[in-house]
Amino acid sequence: MERKGWTGLRSGLARSVCFTGALTFVWLQAAAAWAQDDAAGPAPESETAASEATAPEEADAFNAEVLVPVGLGLALGGSAVLLATGGDDGGERAPRWARSATSLPYDASRTAEFRPGGLYRDEMMALSGTRRDDLVGYNPYELVNAPEAYGYGATGKGQTIAILDDGFQLDHPEIAPKIESVYQRNTMPVEEHGTHVAGLAAGARNGRGSFGMAFDARLHLGSNEDFVGDLGFSPAHWANATDVARQAGAGVQSNSWGFEGQGMERVRTQDVNRVVADPDAIDDLAPDVRRDINAFLRNVEVDREELRGDPAAAFTVFVQSLVLADDAETFEGVADWLPEDWSAYVSALDAFQKQGVVVFALSNNAALSFADSSAALPEVFPELKEAWITVANVDFTYDDPDDRSGSALRAERWSAPCAGTAAYCISHDGTEVLSSVPIDDYAAFIGTSMATPQVSGAVAILAQAFPDHTPAQLVARLLASAENFGGWKDLKRVDGQLVGRIGKRDIILAEAPGEIGKSEFAEGVTHAHSSVYGHGFMNLAAAMQPIGGPPLVYVGGDLQTAKRFDIAASRVRLGPAFGDGLARSLANLDIMTFDRLGGGFNLPVESMVQVNTQVTEARDLLSAFARKPERHSIALGGGAALEVAFRPQPQASLTPISRSVPALEAEALITLPLSDSVAVSGWSNRSPMRSFGLQAEERVQEEMVLGREAFTNPYLGFVSRGHGGAVELGSGSLGALRLGMFEGLHRDTWNWRQEERNEDRVWGGAAEVSLPFGKAGAFGSLALTGGLLNESGTILGAKTSGAFETKGDTPTWFTGLSGALALDRLGFKNVSLVGSAYWGWTQARTSSTSLFSDVSTIASESYSIGLQGQELFDARDRFALTLNQPLRVRSGSARMDLPVGRTTDLGLRHRSMNLNLTPSGREVSLEASYGFALNEAIDLSGAVMLRRQPGHQRDAGREGIGLAKLRINF
């Protein structure tokens, strides 16, 4: 090692330039790369899922990457690196989590069946193909992105939809194979309306006519009129029918019926209820409403005081008066409705909502300015707001029928507005929609009656995709994912028309959204609703994705008390010593993450684990070879000395100068002898591994070694930019005892490609006994080392964060042997046999807020042996031959409690697993280096390395690396 005074140091820095080049051949048998997409969101409606695993088409595919970075520091320098890879098999990229939605896997081919040109497109497009003679209607299933839901296999399978309507053709080809049960089957009338509604909810996909929104769901059918007893069309019968539907296991009840009467244009159900229940409430109403209600109450001769606090009685009086005034013959028996009948019906609906969602059609009277009384029951009986959806009918047609692919869509309301039910209302297209009718036929009908069963089918689809959702959560998911033009803020006036955008199409609204409100479904999940359109228009593709941002990892017993972690922040970045150990144990396992609404989303756990790949290691080797440190010693007097070195950053030679990483970093060591047998030293910005073992005794030609850990203590090598001190006791002839303490930053071994500066701290101490062979160690030496490394935030270089984060400091106790033996007596002049072996035992600590519930003691080891010498062929040459196994975990396990599901009461289900931390392979590298000084100004050196199972991965291909360096001093 060349040593210079201060003057020499300055001149040396000014007059050296180094050129390096490398050619790397990698035989890839299998490779893994970690992929992350934190910003991914729902796919656009036209997107099809791309393959997440790509393999080369030819076995001998050859890829080349040329890097020409320049690093300028205190020395002029440059490097050009050619990295070339070729493979036997090619490798797979680890699966990304971003495309995963719900617990169901996505299959683009299933979506393609329902896209233009798909197998079932003709059947599906029949829904709009017979709409009006000019064919201007837009397919309502396309409108809500139903094909995307079908791509996940979410078709309503395993769900039962209850239809309460006037009657059904039970043997219709669309309906017969879907029937689960029928209430009062023997007296069921055959009616067009109910048959049409049932086909839209869950009609069979049989290649004819049409099919239902949830075409794999089952049907429970019941008439809304009693033909067995004497209840007729009454709330008492509806209560019985609802109870039977609940007992049949229905998860959604679809109601495409209702009642309204004269005077409802001015008198709202909830206003009348307020006044009859509390006479003083009339003072809070508008003057014209007060006048109409007082007139109404006089006409029906109701004593308001008698109805105070009895909403069922008040509602009975109100409905009876309106219906009888409208059409007493049609609604025969209305006069016999009793308050207890309404109480029974409300109780039945409330009980049904414990297991299912109630969907009710709004009136088809577009002249109304409010929601009709049947759909607005929750306004009178607030307990029904738990899982209730009202449905408005908005017709979507092509603005330019001659350009159906690019035309804007015109949206026009054909029903009552959402009005007072806006907080739980949604709009959908039920205008001229094709479905089943008697006998074995098909027809297109108009109305909220057609929109409502489609919404009910959408609820069944979501119930299949999110089986642990409560009915209230299903409602929240459907409403919170609805398209509403950015909370109704993105609507603009264009040529006098109100225009928004959904997906790739402009939407022209015939009517402004009206009064805007906001619903909060969960912490951080709000959605704006309008008095006209409610929450907007269904989007099943968005409903299948996380609501309120990326899903969260929950650690704990239930969703309410568990600690939540961002998915992007929950990572395990394995250090090189672990290889593929943990990732291999987690292969093909899923973790259930949850969005803000409690929806479960399966993610591959291995996608959250970053393995230190062989490519990263290869580049690290190339970088390290580019420029070696320049060491210079300055005598300070009294035997004291200051050694200064300028060392390249591990990534500096591959980093463009425009980045903030400095090319060179200074380190300093000061040594002060106190007596002939005692000396103290201190260092700054330096790794303690240079003060112990072969490095401390300068037994290794550092520039002739490629592997960073070869002949070094790998545990001390985790310290970067460290500070510390040591005391050395003894003499050169009898041996020496070195005692040292250190602290510093953790060496960044896992994240340099992301340009993050690692701020994790490490500290510890080491003791070493060194025994010389011969006078002053002329024939070699042997050193025994022991000590403690304490990592804060890492485990042998592995970084855990978020839901995987371990607790506190991680201690590693280590010991090792290192030595050198001069082979002069064997006839090999200036040649030494050098070797080292180190062993460590690490104890990681877990916490109650980590998915890791326990980690065993982790045993690790590293070995190096080789020959180093000079004057092999010439007095000016040098050489080295090295066999090295980098630090590798020898044994260890971890227990992980993975959340794999949830219960309807918000509890978490876990799968407890013991994971093997030992990597599948054992990397062994063979290095050969040779250098030759042509003259005082020019030095040429080269090296080759063969790596077997790089990164301790058994299936990783063998790797060969060749490097050359030309140094010119002038």
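By the naming in an unreviewed UniProt entry, the chain goes by S8 family serine peptidase and is assigned to Aquibaculum arenosum. Of the comments in the UniProt record for the chain, the one headed Sequence similarities (unreviewed entry) reads "Belongs to the peptidase S8 family."

A. Just the sheet that holds strand β33 (residues 794–795), in detail. In spatial order, the strands read β24-β21-β34-β33; together these four strands make up an open sheet with mixed pairing. Whereas interior strands pair on both sides, the edge strands pair on one side only; in this sheet they are β24 (609–610) and β33. The pairing of strand β21 (residues 571–573) with strand β34 (residues 798–801) spans three bridges and is classified as antiparallel. Bridging across to β34, V572 finds its partner in T800.

B. Looking closely at the environment of G957. Positionally, G957 belongs in the loop between β43 (938–948) and β44 (959–969). By relative accessible area, which is 0% here, G957 ends up buried. Considering only alpha carbons, one finds G957 and R947, 10 residues apart in sequence, at a separation of 8.7 Å.

C. Quick peek at the pattern of salt bridges. The tally for this structure, following the rule as stated, stands at 26 salt bridges. When salt bridges with common partners are traced through the structure, they connect E697, R699, E728, R738 and E768 into a single cluster.

D. Focus on the nonpolar core. Core analysis: the largest hydrophobic core is formed by 97 residues, its most contacted members being I161, L221, I389, L478 and L540. Membership of the second largest hydrophobic core comes to 51 residues, among which are F565, L582, L586 and V719.

E. Structural context of unusual backbone geometry. The omega torsion of the bond from P438 to I439 falls at -10°, within 30 degrees of zero and hence cis. Topologically, I439 is positioned in the loop between β12 (433–437) and β13 (441–445). Of note, E432 is a non-glycine position whose phi angle comes to about 50°, a positive value. In this fold, E432 is placed in the loop between β11 (425–428) and β12.

F. Structural context of the sheet that holds strand β37 (residues 852–855). Reading across the sheet, the three strands line up as β37-β40-β41 and stay open at both edges, with antiparallel pairing between neighbours. Whereas interior strands pair on both sides, the edge strands pair on one side only; in this sheet they are β37 and β41 (908–916). Averaged over all neighbouring strand pairs, the angle between strand axes comes to 20°, with direction disregarded. Pairing analysis gives nine bridges linking strand β40 (residues 893–902) to β41, with the strands arranged antiparallel. Looking at the pairing, L898 lines up with R911 of β41.

G. Looking closely at the packing of helix α7 (residues 235–247) against helix α12 (residues 339–352). Look at α7 against α12: their axes get within 8 Å of each other, and the N-to-C directions meet at 20°. As the angle between them shows, α7 and α12 are arranged roughly parallel. In the crossing of α7 with α12, the sense of the turn from one axis to the other is left-handed. Contact residues: P235, A236, W238, A239, T242, D243, A245 and R246 in α7; D341, W342, A344, Y345, A348, L349, A351 and F352 in α12. Residue composition of the contact of α7 with α12, by class: 12 nonpolar, one polar and three charged.

H. Local environment of the packing of helix α14 (residues 448–465) against helix α15 (residues 471–480). At a minimum axis distance of 10 Å, the contact between α14 and α15 shows a crossing angle of 115°. With respect to their mutual orientation, α14 and α15 come out roughly perpendicular. By crossing handedness, the relation of α14 to α15 is classed as right-handed. For the pair α14 and α15, the contacting residues are V455, A458, V459, L462 and A463 in the first and L474, R477 and L478 in the second.

I. Layout of the packing of aromatic side chains. If you walk through the whole model with that rule in mind, you get 23 aromatic pairs. The interplanar angle of 75° and the centroid separation of 6.3 Å between the aromatic rings of W839 and Y863 together place this pair among those described as edge-to-face. Taken together, the positions of W839 in strand β36 (residues 831–842) and Y863 in strand β38 (residues 858–870) put the pair 24 residues apart, joining distant regions of the chain. Using a relative accessible area of 25% as the deciding quantity, one classes W839 as partly exposed. The cationic tip of R477 hangs over the ring face of F466; the distance from NZ or CZ to the ring centre is 4.0 Å.

J. Examining the environment of A798 more closely. Along the chain, the position of A798 falls in strand β34. Once the C-alpha coordinates of A798 and G575 are considered, the two residues, 223 residues apart in sequence, prove to be 4.3 Å apart.

K. Broad picture of the state of the cysteines. Per the stated rule, a full pass over the model turns up one disulfide. Covalent S-S linkage joins C418 and C425, the inter-sulfur distance amounting to 2.0 Å. Classification of the bridge connecting C418 and C425 rests on its S-S torsion, roughly -55°, and on that basis the disulfide is left-handed. When its relative accessible area of 0% is taken as the criterion, C418 is described as buried.

The rules behind these values
Residues numbered from 1 in each chain as written. Predicted model: local features only at pLDDT ≥ 70, side-chain atom pairs only at ≥ 80, totals over all residues. Heavy atoms only, no water. UniProt positions renumbered as here; feature names shortened; annotations may be inferred. Pairing = 2+ DSSP bridges. Helix = DSSP H or I, 4+ residues; strand = E, 2+ residues; numbered from the N terminus. Buried < 20%, exposed > 50% of the residue type's maximum accessible area, 1.4 Å probe, protein only. Salt bridge = Lys/Arg side-chain N within 4 Å of Asp/Glu carboxyl O. Core = buried A, V, L, I, M, F, W, Y, C linked by side-chain atoms within 4.5 Å. Axes fitted to C-alpha atoms, helices over the stretch in contact; angles between N-to-C directions. Parallel < 35°, antiparallel > 145°, perpendicular 65-115°, else oblique. Left-handed = near helix turned anticlockwise from the far one by under 90°. Contact = heavy atoms within 4.5 Å. Nonpolar A, V, L, I, M, F, W, Y, C, P; charged D, E, K, R; others polar. Phe/Tyr/Trp six-rings, centres within 6.5 Å; stacked < 30°, edge-to-face > 60°. Lys NZ or Arg CZ within 6 Å of the ring centre and 35° of its normal. Disulfide = S-S within 2.5 Å.

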